[in-house]
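# Chain and residue survey
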Amino acid sequence: MLNHDIYNSPFSWRYGSEGMRALWSEAGKRRLWRRIWVALAEVQAEAGLVTAEQVEDLRAHQLGVDLERAHRIEAEIGHDLMAEVRCYAEQCPVGGGIIHLGATSMDVEDNADALRLREALELIEQGVCELLQALAARIEETCDLPCMAYTHLQPAEPTTVGYRLCQYAQDLLLDLEGLRRTRSVVRGKGFKGAVGTGASYGQLLAGCSLTPAEMEARVLARLRLEVYPVTTQTYPRKVDWLVLSALAGVAQSLHRLALDLRILQSPPFGEWSEPFGRKQVGSSAMPFKRNPVTAEKICSLARWVAALPPVAWENASLSALERTLDDSANRRAALPEAFLATDEIVRSGTRLVKGLNLNREAIARNLETYGPFAATEALLMEVARAGASRQEWHERLREHAMRAWAAVQAGHPNPLLEQLLEDAEVTRLVCAERVRELMDVRRYVGDAPERCRAFLDSLHVHLEGTRGT
């Protein structure tokens, strides 16, 4: 239970899934440390350095993490990993003396972090796949639903809701590929000692049946972990930067989706809105409010994730010579918080997409109000094909559009079609029936529906392939 009488990070209880919190928990980290110590001792037993009874004693107490005792020891000695070594040793009367034999702290901590990073990336990948599946369902539903598109936050030309949703899915598909690529470079330090040379293990294994390289390979096989062939005291800190950058990419994509939803939920647009619970309260002061709080939370957390890669960049670039410790404190916060924030962003984005409310009346109203302006492009193409000067008619249609804009801004229905039908020069080149047909902007979505369906086909293929990895 959390003690709310002292400060707790909001990531301790408010943001992120239980699974991600458990992965980055202090107890979870120490269980990983103990797993590594056991694997190391098992191989050292094969080399004849320790006894089977000592290893069995370590196994018997492997899950007995006692944070209260470890923290009391740390308060005395000022070293968290050595405090855990002593706590573990106290629990193991037979095997306690062989814990951490030959190792330096980062032989344990960095390998544990690599295991956590790899598993955490898999959790984020699973979340992104679920989000993409939710987007695919909404794209399929709205491939042919015309709506107004906006550039510069001004009405532009029609598109379809499905085609707009494809943009978010395409970005996330790139992120998914980035996550998988990044996971492939997450590797541990291995067992190479204080500066990466493995000198302590060479001394320890002198005259034994195993070389340091063979010992390392056997321990890593038990941990199912790949490592970098050359290291300093740590694995390359560039890995952390790559990981946080991949997470920032996911956050960036969800920020864009959430920002667009916030814009489209505002009353002047009124086309989209996020789900709103029957008993949900929008404001403590204004009972009528239906604020897009989930989308705003996504944008807020995304800014935090985006702020973290520069920290990892400095950790990598300022790690002088074989290692400095000035990365340690910030990594304790940056790595778990980046994952927990991204986890919350992805899960919230999935709920938004699944529960997205589409106000089809508002979509149709905005299309009717602003669409005729876009339809002038089709009319311009038609008169040009009839032999008229494109430049002269661009100006003529612009003048009609500006008069119609004035009427719209005054709160009147868009009069552009009527103005054009009353212009004898227009109907001389294009018959009235054809003008009406060209000004039916619902048809002016190009090949957006076909592109939606083609994208969906490729998305489904990619997601099917992801399930097998």
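Before any of the text, the structure's been laid out above.
Below or above, wherever it landed, is the structure these notes cover.

Cut-offs and rules
Residues numbered from 1 in each chain as written. Predicted model: local features only at pLDDT ≥ 70, side-chain atom pairs only at ≥ 80, totals over all residues. Heavy atoms only, no water. Helix = DSSP H or I, 4+ residues; strand = E, 2+ residues; numbered from the N terminus. Buried < 20%, exposed > 50% of the residue type's maximum accessible area, 1.4 Å probe, protein only. Contact = heavy atoms within 4.5 Å. Lys, Arg positive; Asp, Glu negative; His and termini not counted. Charge placed at Lys NZ, Arg CZ, Asp CG, Glu CD. Axes fitted to C-alpha atoms, helices over the stretch in contact; angles between N-to-C directions. Parallel < 35°, antiparallel > 145°, perpendicular 65-115°, else oblique. Left-handed = near helix turned anticlockwise from the far one by under 90°. Salt bridge = Lys/Arg side-chain N within 4 Å of Asp/Glu carboxyl O. Phe/Tyr/Trp six-rings, centres within 6.5 Å; stacked < 30°, edge-to-face > 60°. Lys NZ or Arg CZ within 6 Å of the ring centre and 35° of its normal. 1 Å grid on protein atoms, 1.4 Å probe; cavity = no way out; pocket = protein on both sides within 12 Å on 5 of 7 lines; lining within 4 Å. Points joined across faces, edges and corners; volume = space filled by probe spheres on them. Nonpolar A, V, L, I, M, F, W, Y, C, P; charged D, E, K, R; others polar. Core = buried A, V, L, I, M, F, W, Y, C linked by side-chain atoms within 4.5 Å. Pairing = 2+ DSSP bridges. Polar contact = N/O pair within 3.5 Å; in protein donor to acceptor, adjacent residues only side chain to side chain. Arc of directions from axis to C-beta.

The subject of this paragraph is the overall build of the chain. A tally of regular secondary structure across the chain gives 19 helices and four strands. Principal-axis analysis of the C-alpha atoms gives the chain an extent of 105 × 50 × 40 Å. The buried share among the 469 residues of the chain stands at 49%. Counting contacts in the chain only where the partners sit at least 6 residues apart, residues at least 24 apart contribute 78% of the total. In the chain, 55 side chains carry a positive charge and 63 a negative one; their mean positions are 2 Å apart.

This part is about the packing of helix 2 (residues 26-46) against helix 3 (residues 52-60). Relative to each other, helix 2 and helix 3 sit at 165 degrees, their axes nearing to 9 Å. The orientation of helix 2 with respect to helix 3, classified from their angle, is roughly antiparallel. As for the relative orientation of helix 2 and helix 3, their crossing is left-handed in sense. Across the interface between the two elements, Val38, Ala41, Glu42 and Ala45 from helix 2 touch Val55, Leu58 and Arg59 from helix 3.

As enumerated under the stated definition, the model contains 39 salt bridges in all. When the shortest N-O distance is used, the salt bridge between Glu130 and Lys354 registers 3.2 Å. Of this pair, Glu130 sits in helix 6 (residues 105-142) while Lys354 sits in helix 13 (residues 328-355), placing them 224 residues apart in sequence. By relative accessible area, Glu130 is classed as partly exposed at 40%. Residue Lys354 is classed as exposed on the basis of its relative accessible area, which comes to 52%. Between Arg396 and Asp423 there is a salt bridge whose closest N-O contact spans 3.0 Å.

This model, assessed by the stated rule, comprises seven aromatic pairs. Of the aromatic side chains, those joined through ring pairs into one cluster are Trp33, Trp37 and Tyr88. The ring of Tyr228 carries the charged tip of Arg187 above its face, separated from the ring centre by 5.2 Å. Lying over the aromatic face of Trp393, Arg396 brings its terminal NZ or CZ to 5.4 Å of the ring centre.

Quantified by volume, the largest pocket comes out at close to 560 Å³. Lining of the largest pocket is provided by 25 residues; of these, Glu26, Lys29, Asp80, Glu109 and Arg332 occupy positions nearest its centre. Counting residues per element, the ones that place at least two in the lining of the largest pocket are helix 2, helix 6 and helix 13. Estimates place the volume of the second largest pocket at around 430 Å³. Along the wall of the second largest pocket there are 18 residues; nearest its centre are Phe373, Ala374, Thr376, Glu377 and His394. Those elements that provide at least two residues to the lining of the second largest pocket are strand 2 (154-160), helix 14 (360-385) and helix 15 (390-409). When its residues are assigned to classes, the lining of the second largest pocket shows twelve nonpolar, two polar and four charged.

Here we take up the nonpolar core. Counting 112 residues, the largest nonpolar core has Leu132, Ile139, Phe191, Leu247, Trp272 and Phe339 as the members making the most contacts within it. Here this core takes 16 residues from helix 6, the largest share from any one element. Those residues in contact with Leu132, other than ones at most four positions away along the chain, are Ala169, Leu172, Leu173, Leu176, Leu459 and Leu463. Within the second largest apolar cluster, 19 residues are counted, among which are Ala401, Leu420, Val426 and Leu438.

On to the pairing of strand 1 (residues 146-151), then. Counting buried positions along strand 1 yields five of six residues, so the element is predominantly enclosed. Pairing of strand 1 with strand 2 involves five bridges; the strand directions are antiparallel. Along strand 2, the bridge assignment pairs Cys147 with Thr159.

Tracing the backbone shows Asn111 in helix 6. Engagement of the side chain of Asn111 in a polar contact is seen with the backbone oxygen of Asp107, the distance being 2.5 Å. With residues up to four places along the chain from it excluded, the contact list for Asn111 reads Ile36, Met106, Gly188, Lys189, Gly190, Phe191, Leu225 and Val227.

On to helix 12 (residues 309-317), then. Among all positions of helix 12, only Pro309, Ala312 and Asn315 are buried. All buried residues of helix 12 lie within an arc of 115 degrees about the axis, which places them on one face of the element. Buried residues along helix 12 sit against helix 10 (238-265), helix 11 (293-307) and helix 13.

This part is about the environment of Ser245. Here Ser245 shows up in helix 10. Once the C-alpha coordinates of Ser245 and Trp13 are considered, the two residues, 232 residues apart in sequence, prove to be 25 Å apart. Within the structure, the side chain of Ser245 is placed 2.8 Å from the backbone oxygen of Trp241, a separation counted as a polar contact.

Right, let's talk about the environment of Asn414 for a bit. Relative to the elements of secondary structure, Asn414 occurs in the loop between helix 15 and helix 16 (416-422). Of the residues examined, Asn414 reaches a relative accessible area of 15% and is grouped as buried. Along the backbone, Asn414 and Ile36 are 378 residues apart, and their C-alpha atoms lie at a distance of 71 Å. In this view, Asn414 contacts Glu368, Thr369, Pro372, Phe373, Ala404 and Val408; residues no more than four positions away in its chain are not counted. Looking at Asn414, its side chain comes within polar contact range of the main-chain oxygen of Thr369, at 2.6 Å.

Another point: empty space enclosed by the protein. Throughout the structure, instances matching the rule amount to one cavity of 30 Å³ or more. Of the voids in this model, the largest cavity is the one considered here, and its volume is about 40 Å³. In this structure, the largest cavity is lined by Leu135, Leu165, Tyr168, Leu257, Leu261, Trp272, Leu352, Val353 and Leu356. Contributions of two or more residues to the lining of the largest cavity are made by helix 7 (161-185), helix 10 and helix 13.

Limitation: the analysis is restricted to geometry and does not speak to function.
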